[in-house]
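For reference, the chains in residue letters:
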Amino acid sequence: MQELATRLKTIGDSYPFTTRWHVKDARSGAEAHHEGDVPMPSASVRKTSILMAALAAVHAGRLRLDDKVEIEARLQKDVASGTYRYMTPGCVIPFRDVLVNMMITSDNVCTQAVLERLGPDTMTGYCQGIGMTGTNHRGLIPPLGMGWDHPPEAVATTTQSDQVLLLDLILRGTEDAAAAKRLGSTPELCRLAMDILSWQILRNLIPSLLPYGTKVAHKTGRGRRGRMDAGIVFDGDKPLFILAAATDWVPETMPDGLPGFAASFASIGRIARGCWDGLR
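Not measured: the values here are computed from a predicted model. (Residues numbered from 1 in each chain as written. Predicted model: local features only at pLDDT ≥ 70, side-chain atom pairs only at ≥ 80, totals over all residues. Heavy atoms only, no water.)

### Here's the deal with unusual backbone geometry
In this structure, glutamate 35 takes a positive phi of about 55 degrees despite not being glycine. Structurally, glutamate 35 is set in the loop between β2 (31–34) and β3 (40–41). At alanine 43, a position not held by glycine, the phi torsion is positive, near 50 degrees. Inspection of the secondary structure puts alanine 43 in the loop between β3 and α2 (47–59). (Helix = DSSP H or I, 4+ residues; strand = E, 2+ residues; numbered from the N terminus.)

Below is the structure:
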């Protein structure tokens with residue numbers, strides 16, 4: 001693992017911005033990280049914890065997967081991701097499909113609907129309760145037009161180590177009732193979460209340099225300061241590694257004139273490929 005860690009740090013250091021990561025070998029349990037415990041803007045990566053808090057509410061009987069949710073016009077204003085901002089106001093979909101769209105297209109209309117049902121002040125407590133001590137949810141959806149140089153405390157924050165912890169609990173929870181219980185869930189609901197994560201449509205980060213068709217159960221994030229992704233990579237149908245990686249202080253334009261977000265994609269994609277080559 002030390003050799004892999006050195007290789008991954010070299011990849012991150014080759015870019016003129018910060019790249020933080022945490023990787024866990026799903027077979028041996030060995031772990032390594034680079035600044036994995038540093039809180040930084042989470043962007044939409046935080047939605048995995050929102051998904052699990054929602055499924056915990058389903059398990060507790062406070063919500064139902066077949067609850068009807070109206071896509072209200074007020075939720076469609078001033079959001080910058082997903083597809084339901086363009087849909088006809090007043091359409092109704094099951095709560096299950098709200099969760100799916102929150103995750104696979106990072107739909108912020110659906111995210112707001114979920115958070116309103118959970119209560120925005122519940123998320124930090126949920127995360128802290130399962131051991132994500134470096135994670136802090138703030139508010140609903142960050143306002144549009146936030147500056148590139150905003151402080152982390154202006155938005156929700158997390159650590160790469162917290163994201164690996166969460167994904168590891170979900171993975172173990174698919175078969176281990178005790179791990180699922182720590183999430184406030186059940187193995188059946190953890191398997192649903194794993195399915196939803198594997199349906200991700202936005203695949204330009206961790207999966208980008210992996211062999212075609214590689215199963216990756218993950219959630220991406222797009223922030224003003226960088227890009228991020230956290231997921232479980234499979235070799236066939238077996239979990240191979242869990243990786244959370246995030247870039248920070250990425251310039252809008254790189255020295256070669258290309259956009260900074262493309263370099264973010266490359267950095268995280270190369271780190272994921274390094275894990276693939278080093279752990280298979």
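### A look at the pattern of salt bridges
Taken as a whole, this structure holds 15 salt bridges when the rule is applied. We note a salt bridge from aspartate 13 to lysine 9, for which the minimum N-O separation is 2.6 Å. With aspartate 13 and lysine 9 both in helix α1 (residues 2–13) and four residues apart, the pair spans about one turn of that helix. When its relative accessible area of 48% is taken as the criterion, aspartate 13 is described as partly exposed. Arginine 273 is paired through a salt bridge with aspartate 277; the nearest N and O atoms lie 3.1 Å apart. (Salt bridge = Lys/Arg side-chain N within 4 Å of Asp/Glu carboxyl O. Buried < 20%, exposed > 50% of the residue type's maximum accessible area, 1.4 Å probe, protein only.)

### Brief notes about the pairing of β2
The side-chain alternation of β2 yields one buried face, formed by Ala32 and His34, and one unburied face, formed by Glu31 and His33. Across four bridges, strand β1 (residues 18–25) lies against β2 in antiparallel orientation. Within β2, the residue paired with histidine 22 across the bridge is histidine 33. The hairpin turn running from β1 into β2, its antiparallel successor, is five residues long, and glycine 29 in that turn takes a positive phi close to 85 degrees. (Pairing = 2+ DSSP bridges.)

### Looking at the sheet that holds strand β9 (residues 238–248)
What the five strands build is an open sheet, ordered β2-β1-β9-β8-β7; its pairing is antiparallel. Whereas interior strands pair on both sides, the edge strands pair on one side only; in this sheet they are β2 and β7 (216–222). Pairs of neighbouring strands in the sheet enclose a mean axial angle of 10 degrees, with direction left out of account. Sheet topology places β7 next to strand β8 (residues 227–235); seven bridges connect them, and they run antiparallel. Looking across to β8, one finds that arginine 222 is bridged to arginine 227. (Axes fitted to C-alpha atoms, helices over the stretch in contact; angles between N-to-C directions.)

### Overview of the environment of threonine 247
Take threonine 247: it is sitting in strand β9. In this structure, the C-alpha to C-alpha distance between threonine 247 and aspartate 107, residues 140 residues apart in sequence, is 22 Å. Apart from the residues lying within four places of it in its own chain, the contact partners of threonine 247 are Phe17, Thr18, Thr19, Met40, Arg225, Gly226, Arg227, Ser264, Ser267 and Ile268. Of note is the side chain of threonine 247, whose polar atom sits 2.8 Å from the side chain of serine 264. (Contact = heavy atoms within 4.5 Å. Polar contact = N/O pair within 3.5 Å; in protein donor to acceptor, adjacent residues only side chain to side chain.)

### Structural notes on helix α8 (residues 187–198)
In a regular helix each residue adds 1.5 Å, so 12 residues correspond to 16 Å; α8 covers 16 Å between its end C-alpha atoms and thus fits that length. Looking only at α8, the buried set comprises Leu189, Cys190, Leu192, Ala193, Met194, Ile196 and Leu197. Those residues of α8 hidden inside the fold are in contact with α2, α3 (95–104), α6 (160–173), α7 (177–182), β7 and β8. (Expected span 1.5 Å × (residues − 1).)

### Comments concerning the pairing of β7
For β7, the buried fraction is high: six of the seven residues fall into the buried class. Joining the antiparallel neighbours β7 and β8 is a turn of four residues.

### Some thoughts on the packing of α2 against α8
Interaxial distance between α2 and α8 falls to 10 Å at its minimum, and their mutual angle equals 150 degrees. For the element pair α2 / α8, the angle class is roughly antiparallel. Here α2 and α8 pass one another in a crossing that is right-handed. Counted together, Thr48, Leu51, Met52, Leu55 and His59 of α2 and Leu189, Cys190, Leu192, Ala193, Ile196 and Leu197 of α8 form the full contact between these two elements. Per-class residue counts for the contact of α2 with α8 are nine nonpolar, two polar and no charged. (Parallel < 35°, antiparallel > 145°, perpendicular 65-115°, else oblique. Left-handed = near helix turned anticlockwise from the far one by under 90°. Nonpolar A, V, L, I, M, F, W, Y, C, P; charged D, E, K, R; others polar.)

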